[in-house]
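Examining the three-dimensional arrangement
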Amino acid sequence: MITVSHLHKRFRGHGRTPVIALDDVSLTVGRGDAVGLVGESGSGKSTLLRCLMRLERPDEGSIEYAGQDVARLHGRGLVAYRRGVQMVFQDPMGSLNPMMSVGSIVAEGLRIHNRRRGSRARTARVGELLELVGLNPDHADRHPAAFSGGQRQRIAIARALAVEPDVLVCDEPVSALDVSVQAQILNLLQDMRSTLGLSLLFIAHDLAVVRYLCEDIYVLKQGRVVEHASREDLFRAPAHEYTRQLLAALPSHAGLRPVNQYALPPQQKLES
Amino acid sequence: MSELLEVRDLCISVVANDGARTLLVDTVSFSIDAGERVALVGESGSGKSLTARALLGLDRQMELDGSIRFKGTELVGMPERELRKIRGSGIGMVFQDPLSALNPLMTIGDQVTAPLRAAGVSRHAAWERARRTLEELGVGDAESRMHAYPHQFSGGMRQRVVIAIALISEPELLVADEPTTALDVRVQAQVLRLLAEIADARGLAVLFITHDVGVVGELARRVEVMYAGTTVERGSVEAFFRSPAHPYTRGLLSAVPRLDDDSRLLSMAGAPPAPASRPSGCVFSPRCPYATERCRDDRPALHLTAARAEVACHYSPVEAEVPA
C-alpha cells in the first residue's frame, strides 16, 4: 500500500550545520499489514509522518501509495490519497474541534469525500461508526469536552474510519491515555484491523505496545532505520545494539501476571 | 524503623465560588518509615498527585482535613512560613516535567544552590555542595556545566538537575511525582535506578507517584493503589504483582501489554467516575465485574488479606469466594 524508499530530510538551522532528520529511510506497509515504528524523541518519527501526510517535502527519495508517487499527486489523485490514508493523533483533545459536535466531526470526512450523499444517510453512517468504536450513537450531538480521554480517542478513530481508508496511521495513539483505557483502544485498533482489513502504521515509543499490535517492526534512531525485523525475531534475537538497549530498559515484568487463582472473570464481562 | 510520615484520614476538597464542595481525596491514610520507598499508583483523577502535593502544603486553595504528621509535627494547618522550612530540608519534591520546573534564565548552578543560599549557606560552600550533588547524580563535568542554562541540557540531564535541587538540602523524604514520565524509555530506566541507588546510600525515604505499573518495582518496595480518591489496596511490591487482590488492581495489571504473553489484553470497561459523581458504595462498583448489591450500598474498608496486604473489597478472593 505504502512504500517509502530512501527518504532523506534535512533541516537547516540559522547558519548552523543542518540537522539530518531522516537518513535513507525505507519501509513498506503491505495490504492488511500491521507495521510498527519504534523510536525515541529525535529519532525522526514525526518527520517521517509529516512527509507521509505531505506536510513536509522530502529532500530525496519517494513515498509511493498504490503505485503512485505521493509527492506528485494532485487533484483527484491527491484527494484519493487523503481519503485512503487516515491518521489518529496522540492527543485526542488537540485533534478534535471543541466547537463541533461529535456527529459533525465524524461526518466531515463523509461530506468532503462524498462518501454518503444527503444528511440523513450521513447521520445513519455516523451512528454506525460510533457504535463500531464502542460509543453510544445517541451521543452524536455532544461535544468532545463531554467525553473522557479514551472516548475521545474512539471518536478520532471513528472519524478516521468514516471514509473507509486503506491505511490507518497512528501516532502514539495511547500514550496520553490511562493504562486501563489504553487496553480498550489497543483492542479496538486490533479489532478494526481484522474486521475491516485495514493496514496499520503504528508509531510508538513503547515496545510492549508495538509488540502487541504489529507483526513487522522498524526501529528508528537518529533518522536511520537501525533494525527491521518481524515481531518474533526482534524480541527473540534483537540484532542491533540500540534495540537491545531499548529492550533492556523495559521494566522487568517478571511476576507481573496475577497467578491463576486470581484469574479474571470471563472476558466478555470485562471487555467494553 | 521509625515512622517518618503518617497520613491519617486525609480528605482534600475543592470549594467552588458558589460554595459547592467537591471531595477529591476521600479519607486516605498511609505511613512511610524512615528510608522506606513507597509507590502511590493510580490513573489520572485518582488523587495520587493531590495527596503528594498536600504533603508539602502546595495547592493552598484546597481544603485539607485529617492529619499529616512528619516526624511527629502536624503539617495540616501549619502556617506557610513554617511549611517553607519543611520543604526542601525535610521533604524534597521532584515534578514530572523538568523543563517547567527549571527557570530558563538562571544557570544550573544558581538553581541547584538556591535552596542552600535561602538557608543562609555561603555561596562558596553551597557551590561546592551543588557540585558534589550533581556528580552523585551522574552529571559529568559538573563544575563547568553549572555555568550552563537548562536549554543546554538534555531531558534526562535536566531531570537530574531537578533531583539535585530536591536533594541538596538533604531531606529525609523525597516526593517524586511521575519523575520519569516525560523522558525516553532508556533514560527513564537510568534515572529510576539512580534514584534507587541514592535512596539506598542516603537512607532516603521516597514517595514515588506513578500511573505506570511497569516501573513501580524499579523504585518502590511497597505499593498503595489509589482509585477515585480512595486507597483500594496496599501491600508489598511482590504482593502487588503476584497476588493483586482488588479487582481494580487486577484489571490494571491485566491491561498492560507484556513481552512474554501474546493473549488478548483484558480491558476494564468504562472509565473512572468524576469526583462529583462517585458512588456512595464501593467506588469501583460501576466498573467491577463482581459487584453486588452490597458493593453498591456499602463502601468496603481496607482489611488484611492472607498475603499480608490490605484490600478494600467485600469479595477479595482471599477472604471469600467470589460470587458467580
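Summarised in this report is the structure supplied together with it. In this text, all values refer to a predicted model and were calculated from it rather than measured experimentally.

What counts, and where the lines are drawn
- Residues numbered from 1 in each chain as written.
- Chains lettered and ligands numbered in written order.
- Predicted model: local features only at pLDDT ≥ 70, side-chain atom pairs only at ≥ 80, totals over all residues.
- Heavy atoms only, no water.
- Phe/Tyr/Trp six-rings, centres within 6.5 Å; stacked < 30°, edge-to-face > 60°.
- Helix = DSSP H or I, 4+ residues; strand = E, 2+ residues; numbered from the N terminus.
- Buried < 20%, exposed > 50% of the residue type's maximum accessible area, 1.4 Å probe, protein only.
- Lys NZ or Arg CZ within 6 Å of the ring centre and 35° of its normal.
- Pairing = 2+ DSSP bridges.
- Contact = heavy atoms within 4.5 Å.
- Axes fitted to C-alpha atoms, helices over the stretch in contact; angles between N-to-C directions.

1. Topic: the packing of aromatic side chains
Residue and element names in this part refer to chain B. Evaluated as defined, the whole model comprises 5 aromatic pairs over all chains. Ring plane angle 90° and centroid distance 5.3 Å describe the contact between Tyr227 and Phe284, whose orientation is recorded as edge-to-face. A residue pair is termed long-range when its members are at least 10 positions apart, and Tyr227 in strand β9 (residues 222-227) and Phe284 in the loop between α11 (247-254) and α12 (293-297) qualify at 57 residues. For Tyr227, a relative accessible area of 2% corresponds to the buried category. Relative to Phe284, the ring of Tyr248 lies with its centre 5.4 Å away and its plane at 70°, an arrangement referred to as edge-to-face. A residue pair is termed long-range when its members are at least 10 positions apart, and Tyr248 in helix α11 and Phe284 in the loop between α11 and α12 qualify at 36 residues. One aromatic cluster is present, built from ring pairs that chain together Tyr227, Tyr248 and Phe284. We note Arg294 situated over the ring of Tyr315; from NZ or CZ to the ring centre the distance is 5.9 Å.

2. Here we look at the sheet that holds strand β2 (residues 21-33) of chain B
The strands making up a sheet are joined through hydrogen bonds of the backbone, oriented either antiparallel or parallel. All names here are of chain B. With respect to topology, 4 strands assemble into an open sheet ordered β2-β1-β4-β5, the strand pairing being antiparallel. Looking at the sheet topology across the chains shown, the edges are occupied by β2 and β5 (73-74). With 2 bridges joining them, strand β4 (residues 63-70) and β5 adopt antiparallel strand pairing. Pairing of Arg69 across the sheet is with Glu74, part of β5. Sitting on the sheet, helix α1 (residues 48-55) is in contact with β1 (3-15), β2 and β4, with an inclination near 115° to β1.

The quantities given are spatial measurements derived from coordinates; they are silent on function.
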